[in-house]
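Observations on the three-dimensional arrangement
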Amino acid sequence: MKVKCVICDKICELDDQSLLAKRLRNRPIHTFMCHECHERISKRTRDRWASGKFVLHLPAEGRKGLRS
Ligand SMILES: [Zn+2]
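Throughout what follows, the structure given in this document is the object of discussion. Here the structure is a predicted model, which is why all the values come from computation and not from measurement. (Residues numbered from 1 in each chain as written. Predicted model: local features only at pLDDT ≥ 70, side-chain atom pairs only at ≥ 80, totals over all residues. Heavy atoms only, no water.)

1. Here we look at the overall build of the chain
Counted only if it meets this: Here a strand is any run of E in DSSP of at least two residues, a helix any run of H or I of at least four, and the numbering for each starts at the N terminus. Partly exposed describes any residue whose relative accessible area lies between the buried limit of under 20% and the exposed limit of over 50%, with all areas from a 1.4 Å probe on protein chains only and scaled to the type maximum. The contact definition used throughout considers only heavy atoms, calling two residues in contact when any of these lie within 4.5 Å. Only the protein chains shown count as cover for residues, and all accessible areas are computed by the Shrake-Rupley method using a 1.4 Å probe.
Of the regular secondary structure elements, the chain holds three helices and two strands. Along the chain, helices and strands appear, N-terminal first, in the series β-β-α-α-α. Counting across all 68 residues of the chain, residues that qualify as buried make up 15%. Contacts in the chain between residues at least 24 apart in sequence constitute 39% of all its contacts with a sequence separation of at least 6. Accessible surface, the chain: about 5900 Å² in total, of which carbon and sulfur atoms supply 56%.

2. Quick word on the coordination of the zinc ion
The line we're drawing: Because no water is among the atoms considered, metal sites can look incomplete, with donors defined as N, O and S atoms within 2.8 Å of the metal, or 3.2 Å for Na, K and Ca. In this scheme the shape depends on donor count and angles: four donors with every angle between 85 and 135 degrees give tetrahedral, four or six donors with opposite pairs above 155 degrees and others between 65 and 115 give square planar or octahedral in turn, and any other case is irregular.
For the zinc ion, every protein donor is listed as Cys5 (SG), Cys8 (SG), Cys34 (SG) and Cys37 (SG), and the spread of their distances is 2.3 Å. Around the zinc ion, the four donor atoms are arranged such that angles at the metal cover 106 to 114°; this shape is classified as tetrahedral. Mapping the donors of the zinc ion onto the primary sequence gives the spacing C-x2-C-x25-C-x2-C.

3. A word on helix H2 (residues 35–51)
For clarity, the cut-off: By this rule the span expected of a helix is its residue count minus one, scaled by 1.5 Å.
Helix length check: H2, at 17 residues, gives a terminal C-alpha distance of 24 Å against a target of 24 Å (1.5 Å per residue), a fit within 8%. Positive backbone phi, approximately 80°, marks Gly52, located one or two places after H2.

4. A closer look at the nonpolar core
Just so we agree on the cut-off: Only buried residues count toward a nonpolar core, which is a set of Ala, Val, Leu, Ile, Met, Phe, Trp, Tyr and Cys residues joined through side-chain atoms within 4.5 Å.
Listed in full, the nine residues of the largest apolar core are Val3, Cys5, Cys12, Leu14, Ala21, Leu24, Phe32, Cys34 and Cys37. Setting aside chain neighbours within four positions, we find Ala21 in contact with Met1, Leu14, Asp15 and Asp16.

5. Brief notes about the pattern of salt bridges
The line we're drawing: Any carboxyl oxygen of Asp or Glu that lies within 4 Å of a side-chain nitrogen of Lys or Arg is treated as forming a salt bridge with it.
With the rule as written, the count across this model stands at three salt bridges. With its nearest N and O atoms 2.9 Å apart, the salt bridge here joins Glu36 to Lys10. With Glu36 in helix H2 and Lys10 in the loop between strand E1 (2–4) and strand E2 (11–13), this pair connects stretches of sequence that are 26 residues apart. Judged by relative accessible area, Glu36 falls into the partly exposed class, the value being 45%. Judged by relative accessible area, Lys10 falls into the partly exposed class, the value being 33%. Its salt-bridge partner being Lys43, residue Asp47 comes within 3.2 Å of it at the nearest N-O pair.

Written out as structure tokens, the structure is:
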């Protein structure tokens, strides 16, 4: 199957049998991110962590766990 990267619009060919392809078929296609963009985003996230300005938005159940 063909998927388009949501960041750079690159078209990628995914193996239909791969876990990612199966997951994308059940979800909106715009959740796909190519490898390059994924690397870039995760690097940026790490940089933000390092700067101490990164605010982690915990899901509701995570916050509940912290409060108790
Ligand atoms: Zn991309």
